[in-house]
Structure formats: C-alpha cells, structure tokens
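Here are the chains, one letter per residue:
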Amino acid sequence: MKDLHSNIDIAAVVLPKVYTTGVTGTAEIDLAGFDSAEIEVTVGAPGDTLGASVNFTVTTTHADDDGAGSAGSYANVAAADVLGVTPSSGVCLTVDDDAEASQTYRFGYVGGKRFLAILVTAVGTHSTGTIIGVNVIKGHPLDAPTS
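So, here is what we can say about the structure in this document.

Analysis parameters
Residues numbered from 1 in each chain as written. Predicted model: local features only at pLDDT ≥ 70, side-chain atom pairs only at ≥ 80, totals over all residues. Heavy atoms only, no water. Pairing = 2+ DSSP bridges. Helix = DSSP H or I, 4+ residues; strand = E, 2+ residues; numbered from the N terminus. Core = buried A, V, L, I, M, F, W, Y, C linked by side-chain atoms within 4.5 Å. Buried < 20%, exposed > 50% of the residue type's maximum accessible area, 1.4 Å probe, protein only. Contact = heavy atoms within 4.5 Å. Lys, Arg positive; Asp, Glu negative; His and termini not counted. Salt bridge = Lys/Arg side-chain N within 4 Å of Asp/Glu carboxyl O. Polar contact = N/O pair within 3.5 Å; in protein donor to acceptor, adjacent residues only side chain to side chain.

### A few points about the sheet that holds strand S9 (residues 103–109)
Spatially, five strands are ordered S1-S11-S4-S9-S7 in an open sheet, and the strand pairing comes out antiparallel. Two strands bound the open sheet, and with one partner strand each, they are strand S1 (8–19) and strand S7 (82–83). Direction of pairing for strand S4 (residues 34–43) relative to strand S11 (residues 130–141): antiparallel, over a ladder of nine bridges. Across the sheet, Val43 pairs through a bridge with Ile132, a residue of S11.

### Comments concerning the nonpolar core
Within the largest apolar cluster, 30 residues are counted, with the highest numbers of intra-cluster contacts made by Ile39, Val41, Leu116, Ile132, Val134 and Val136. Secondary-structure elements contributing two or more residues to this core are S1, S4, strand S5 (55–63), strand S8 (91–95), S9, strand S10 (115–123) and S11. In this view, Val134 contacts Ala11, Ala12, Val13, Val14, Ile39, Glu40, Val41, Ile118 and Val120; residues no more than four positions away in its chain are not counted.

### A look at the side chain of Asp48
Here Asp48 lies in the loop between S4 and S5. Buried charge Asp48 goes without a salt bridge, the closest partner of opposite sign being Lys17 at 15 Å. Within polar-contact distance, the side chain of Asp48 engages the backbone nitrogen of Thr128 at 3.0 Å. Within the structure, the side chain of Asp48 is placed 2.8 Å from the backbone nitrogen of Gly129, a separation counted as a polar contact. Leaving out residues up to four positions away in the same chain, Asp48 has contacts with Val54, Asp98, His126, Ser127, Thr128 and Gly129.

### Focus: unusual backbone geometry
With an omega of 5°, the peptide bond running from Ala144 to Pro145 counts as cis. Position of Pro145 among the secondary structure elements: in the segment after S11. Here Ser89, not a glycine, exhibits a phi torsion of approximately 55°, which is positive. Counting through the fold element by element, Ser89 comes out in the loop between S7 and S8. Since its relative accessible area comes to 59%, Ser89 is described here as exposed.

So yeah, pure geometry; function would need other evidence.
Quick look at the structure:
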C-alpha cells in the first residue's frame, strides 16, 4: 500500500454547516509548495426544493502571486484550468435539483496559478437551507512528508 497521507494537505474552504443566503463562504488557498489540487464539495440533504430559481453555485477563481507573496487579481477559471467539469464564467458546479443534493463532487485544478478561491453562492430564497462543505486537497508536494 502506498502512503497518500504524507503527500497531501487539506485546506477547508467552506466549513460544513447550513447555508441559506448570498455567498456562503470563500477562502483564499495558497498552493505554494504543491503541484496539484483537487476541490471536494459535499452537499447535504436539501432543506428547500432546489430548482432554477433556488440553487447553489460553486465558482472557482485563481490568481498569480503579486510579487510580494500575496494574491494578485482573481479571475474565473476557464475550461482548460480544471478537470472533470466544464466551467461557465467560473461556475464549476450548480446544484439545482434535489437529486443532485446528498452527494460529494470533485474536480481537479490544473491552471498553474498560485492562489485559488472557491465561492459557494446560495441563489434565490432558501428558507431552511442546505448543508454544504468545501475542501481543497493539495497534492504532489515539493517537500514531503507534509505536516
């Protein structure tokens, strides 16, 4: 059996909890020291009936280092930047049907920029809300084992 544990790092982007309005969460993820990234989105049972006007979108943006070790201007990822999904204006996932809830989704980032930001947005009126959590799994470290 191979050792995956010592060769990844996990960064929480959106902590799992019930979300009902607006941009539910985002965090800047620094990929320095890693050569790959996988985004994992877990969606719980829907608290509201999901559809075209009540849904959640997951938007992925990325940025280069500004030269001082911080993120420069963020831009939406393009199709060439991710694996497993085809983004539209950076939206990599839309959960707009009850059958799409209670699942875990994943897609890979291959865009080559240092910083990622994942935004989960509650579209429409969510009175009860839905549990959502997002993690970025950073892989292929330049220095292993990871802590």
